[in-house]
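Single-letter residue listing:
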Amino acid sequence: MNVTYDFSGKNVILIGGTTGIGRATALAFAKAGANLYVSGIGADSGESLKAEVKPLGVEIEFEEVDVRDSKAMAALHKHAFERFGRIDIAFNNAGVPGKTAPVHELDDEDYDLLMDVNLRGIFNGLRHQVPHMTAKGGGAIVNTSSLFGVMGFATTAVYCASKWGVIGLTNSVALEVARKNIRVNAIAPGSVMTPLLRGMFGSEQSAKDTVLPMIPMGRISDPSEIAQLVLFLSSDAASFITGQAVVIDGGGFVAGADKL
Ligand SMILES: NC(=O)c1ccc[n+]([C@@H]2O[C@H](COP(=O)([O-])OP(=O)(O)OC[C@H]3O[C@@H](n4cnc5c(N)ncnc54)[C@H](O)[C@@H]3O)[C@@H](O)[C@H]2O)c1
C-alpha cells in the first residue's frame, strides 16, 4: 500500500533538519509538495539538502542556527515568516545524545548541553511558532521527544530528563492552543539508525548490540519511517490528535523495554 500526502502550497519550518530524522522528514515533505525553511548545524549538510530538494520543484531555504541561541532563533523565525508569509507546520527536531555515562560522572557542561539543545531548543521554537500560527489562523507543530522521553535508561539520565521535558512542553502548549486551530504533538522514536544513535553508543555495531535485544521487531528503524509519522501528525488526517507523544519503536515499550 502506498500512502501519499499532498502538502502543496504549505510551508514548513524544520529545525534540526540537516541529517538523520530531520533530513528524511525534509525530503518527505518536499516530495509531498511543501516548501521548506530548514535550520540546523552544518552548512555543508544544509547546502547538500538544498541541492537534493531543488529538483523536486519546491522552495527551500537553509540557515545555520544554534537552537541554544535565543536571539538567533528569533531571527530565524522572522526570516522564515518573511520568506513565506505563513508557516503552516513546524518540526522542532534538533537534539544531541550528550555523554553516555552514569549520573555521577556527568558535570555541569554535560547537563547544560543536553538541556539547552534538547529542551530549551524546543522552547525556542514554540515561543515564536505559536503567536505566528495564532495570527494566521492555525497550524501543526511536531516536537521530537524519544522513547527515552517515556522511560528511563541507565547511563542516559539527563538525555532522558530532557526528552521527558519535551513531552511536558508539548502537552501544556497543546492545551494553550487547543481552541486556536493549532495542534501540538510529539514523536517518541525508539532506535533510528542516524549519526545520533551511533554517537550515543559509540559505533553502529555497539548501538546494535545494545538496542536490538530490546526491539521485538528485531531491527533498528530507518529515518524515513519516522518521517512518515511526522507527515501524518502534520496532516489533516490527524485533525483530532493533539497533546500526544506517539511512540514509534518496533514494539519495545509495550514489551517492557522500560523494565530492563
Ligand atoms: N536516532 C535515534 O535513535 C533517536 C531516537 C529518539 C529520538 N531521537 C531524536 O531525534 C532527533 C534527531 O536526531 P537524529 O537521530 O536524526 O540525529 P542527527 O544527529 O542526525 O540529527 C540531529 C539534528 O539536530 C541538529 N542539531 C544538533 N545540535 C544542534 C544545535 N545546537 N542547534 C541546532 N541544531 C542542532 C543537527 O544539525 C541535526 O540536524 C533528536 O532530537 C534526537 O534526540 C533520535
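Calculation rules
Residues numbered from 1 in each chain as written. Predicted model: local features only at pLDDT ≥ 70, side-chain atom pairs only at ≥ 80, totals over all residues. Heavy atoms only, no water. Phe/Tyr/Trp six-rings, centres within 6.5 Å; stacked < 30°, edge-to-face > 60°. Buried < 20%, exposed > 50% of the residue type's maximum accessible area, 1.4 Å probe, protein only. Helix = DSSP H or I, 4+ residues; strand = E, 2+ residues; numbered from the N terminus. Near = heavy atom within 4 Å. Polar contact = N/O pair within 3.5 Å; in protein donor to acceptor, adjacent residues only side chain to side chain. Areas by Shrake-Rupley, 256 points an atom, 1.4 Å probe, with all protein chains shown as cover. Nonpolar A, V, L, I, M, F, W, Y, C, P; charged D, E, K, R; others polar. Core = buried A, V, L, I, M, F, W, Y, C linked by side-chain atoms within 4.5 Å. Contact = heavy atoms within 4.5 Å. Patch = residues over 30% accessible without salt bridge, like charges linked within 9 Å, V, L, I, M, F, W, Y side chains within 5 Å. Salt bridge = Lys/Arg side-chain N within 4 Å of Asp/Glu carboxyl O. Lys, Arg positive; Asp, Glu negative; His and termini not counted. Charge placed at Lys NZ, Arg CZ, Asp CG, Glu CD. Pairing = 2+ DSSP bridges. Axes fitted to C-alpha atoms, helices over the stretch in contact; angles between N-to-C directions. Right-handed = clockwise from strand over helix to strand, strands pointing away.

**Q** For this particular structure, what's the right way to read the packing of aromatic side chains?
**A** How two aromatic rings sit relative to each other is given by the distance of their centres and the angle of their planes. Evaluated as defined, the whole model comprises six aromatic pairs. With a centroid separation of 4.7 Å and 15° between ring planes, the pair formed by phenylalanine 148 and phenylalanine 153 is classed as stacked. The pair phenylalanine 148 / phenylalanine 153 is uniform in exposure class, with both members buried. Ring geometry for phenylalanine 153 versus phenylalanine 201: centroids 6.5 Å apart, planes at 90°, classification edge-to-face. Here phenylalanine 153, found in the loop between β5 (139-144) and α5 (157-176), pairs with phenylalanine 201, found in helix α6 (residues 195-201); they are 48 residues apart in sequence, far enough to count as distant. Just as phenylalanine 153 is buried, phenylalanine 201 falls in that class too.

**Q** What am I meant to see in the site of the ligand here?
**A** Around the ligand sit 30 residues, and of these Thr18, Thr19, Ile21, Tyr159 and Thr194 come closest. Contact between the ligand and glycine 95: an oxygen atom at 3.4 Å from a main-chain N or O atom of the residue. In isolation the ligand offers 820 Å² of accessible surface; the protein chains occlude 93% of this area. Elements with a contribution of two residues or more to the shell around the ligand: α1 (20-31), α5 and α6. Among the elements that line the shell around the ligand, the one with the most residues is α6, at three residues. The class makeup of the residues in the shell around the ligand is 13 nonpolar, 14 polar and three charged.

**Q** Which parts of the structure should I look at to understand the nonpolar core?
**A** Nonpolar side chains in soluble globular proteins tend to end up buried together. Within the largest apolar cluster, 46 residues are counted, with the highest numbers of intra-cluster contacts made by Ile13, Ile141 and Val184. Secondary-structure elements contributing two or more residues to this core are β1 (11-15), α3 (70-84), α4 (108-136), α5, β6 (182-189), α6 and α7 (204-211). When residues of this core are assigned to their parent elements, the largest contribution, eight residues, is made by α4. Not counting chain neighbours up to four residues away, the residues in contact with isoleucine 13 comprise Tyr37, Leu76, His77, Ala80, Ile87, Ile89, Ala90, Phe91 and Gln129.

**Q** What am I meant to see in a negative patch on the surface here?
**A** A cluster of acidic side chains, namely Asp107, Asp108, Glu109 and Asp112, defines a negative patch on the protein surface. Within the element layout of this structure, glutamate 109 appears in helix α4.

**Q** What is the right way to read the pattern of salt bridges from this model?
**A** Two side chains carrying opposite charge are able to pair once their charged atoms lie near each other. For the structure on display, the rule yields twelve salt bridges. The shortest N-O distance in the salt bridge between lysine 99 and aspartate 110 comes to 3.8 Å. Of this pair, lysine 99 sits in the loop between β4 (89-92) and α4 while aspartate 110 sits in helix α4, placing them eleven residues apart in sequence. For lysine 99, a relative accessible area of 41% puts it in the partly exposed group.

**Q** Explain the sheet that holds β6 to me, please; I cannot follow it from the model alone.
**A** Within a sheet, each strand pairs with its neighbour through backbone hydrogen bonds, oriented either parallel or antiparallel. Strand order across the open sheet formed by seven strands is β3-β2-β1-β4-β5-β6-β7, with parallel pairing between neighbours. Whereas interior strands pair on both sides, the edge strands pair on one side only; in this sheet they are β3 (60-64) and β7 (245-248). The sheet shows a mean angle of 15° between the axes of neighbouring strands, taken without regard to direction. Each of β2 (35-40) and β3 is contacted by helix α2 (residues 43-53), which is oriented at about 175° to β3, the strand it contacts most.

**Q** Where do I start with the pairing of β3 in this structure?
**A** On a regular strand, one side chain projects to one face of the sheet and the next to the other, so that they alternate. Sheet topology places β2 next to β3; five bridges connect them, and they run parallel. Following the sheet pairing, serine 39 is matched in β3 by glutamate 63. In the classification by handedness, the crossover that spans β2, the intervening α2 and the parallel β3 is right-handed.

**Q** Is there a simple way to think about unusual backbone geometry in this case?
**A** Of all residues except glycine, most have a negative phi; of all peptide bonds, most are trans. Of note, threonine 155 is a non-glycine position whose phi angle comes to about 80°, a positive value. Here asparagine 181, not a glycine, exhibits a phi torsion of approximately 65°, which is positive. Examined against the element boundaries, asparagine 181 turns out to sit in the loop between α5 and β6. The exposed category is assigned to asparagine 181, whose relative accessible area is 54%.

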